[in-house]
Amino acid sequence: MQLTSFTDYGLRALIYMASLPEGELTNITEVTEVYGVSRNHMVKIINQLSRVGLVDAVRGKNGGIRLGKAAEDIRIGDVVRAMEPLALVNCSPQFCHITPSCRLKIALDNAVKAFLHELDNHTLADMVVDNTGLQTLLFMEHPAISVNK
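About the thresholds
- All residue numbers refer to position in the chain's written sequence, counted from 1.
- It should be noted that, the model being predicted, local features are given only for residues of pLDDT at least 70 and side-chain atom pairs only at 80 or more, the latter also being counted only at that level, while totals for whole chains, interfaces and linings use all residues.
- Side-chain descriptors were evaluated using all non-hydrogen atoms of the structure, hydrogens and water having been removed beforehand.
- UniProt positions are given in the numbering used here, feature names are shortened, and annotations may be inferred rather than shown by experiment.
- Put simply, DSSP marks the helices as runs of H or I at least four residues long and the strands as runs of E at least two long, and each gets a number from the N terminus on.
- The rule is simple: take the accessible area with a 1.4 Å probe, protein chains only, and divide by the maximum for that residue type; under 20% is buried, over 50% is exposed, in between is partly exposed.
- Note on terminology: a nonpolar core comprises buried Ala, Val, Leu, Ile, Met, Phe, Trp, Tyr and Cys residues joined through side-chain atoms within 4.5 Å.
- For this document, the term salt bridge refers to a Lys or Arg side-chain nitrogen within 4 Å of an Asp or Glu carboxyl oxygen.

## Comments concerning the UniProt feature "binding site: [2Fe-2S] cluster" (unreviewed entry) in the chain
Within this numbering scheme, the UniProt entry marks C91, C96 and C102 as carrying the feature "binding site: [2Fe-2S] cluster" (unreviewed entry). Inspection of the secondary structure puts C96 in the loop between α4 (76–83) and α5 (104–119). The class of C96 is partly exposed, set by a relative accessible area of 23%. Along the polypeptide, C102 turns up in the loop between α4 and α5. Of the residues examined, C102 reaches a relative accessible area of 15% and is grouped as buried.

Listed below in structure tokens is the structure:
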């Protein structure tokens, strides 16, 4: 299974925000600079993450974005569920005439459940806590972006 770039960059944006000091705001421009993704694409991603409560968007002069929940409360499986179209094949009877007797859809459904079950064993905090290599890659290699603003 391959995640869409939408989900991939959503996870990366969350990892970036989880790597900041607790409660610190960032902005979409910083996230796009770190990952080299288009601002337009990241705006859509952040909007989706905000709609599902994973990102807090703070308006105003000193506004920005931050995690909407504690990193230890954000399961990777929940992020994928919120971002990813998880139907691996189109099993609608209008699209496939073998749907009423097909066993493939059951196998694929079981595979998706197993995939998500594994991701549910990991939180966003698991991705960032005691990960100095990640801190170096996110912040030392991007000197214009600092966690000590």
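Past the structure itself, the notes keep going.
## Some thoughts on the nonpolar core
Of all hydrophobic cores here, the largest spans 38 residues; its most connected members are L14, Y35, M42, I46 and L124. Taken together, the elements giving at least two residues each to this core come down to α1 (5–19), α2 (28–35), α3 (39–51), β2 (64–67), α4, α5, α6 (124–128) and α7 (132–140). Top element by residues in this core is α1. It accounts for eight residues.

## What about the pattern of salt bridges?
A full pass over the atoms with the stated rule returns seven salt bridges. Residue R12 is joined to D8 by a salt bridge in which the shortest nitrogen-to-oxygen separation is 2.9 Å. A residue pair is termed a helical-turn pair when its members lie 3 or 4 positions apart in one helix, as R12 and D8 do in helix α1 at four residues. A relative accessible area of 30% places R12 in the partly exposed class. Across the pair D120 and R81 runs a salt bridge whose closest N-O atoms are separated by 2.7 Å. With D120 in the loop between α5 and α6 and R81 in helix α4, the pair connects residues that are 39 residues apart, well separated along the chain. For D120, a relative accessible area of 18% translates into the label buried. A relative accessible area of 35% places R81 in the partly exposed class. If you follow the salt bridges from partner to partner, you end up with R75, D78, R81 and D120 in one network.

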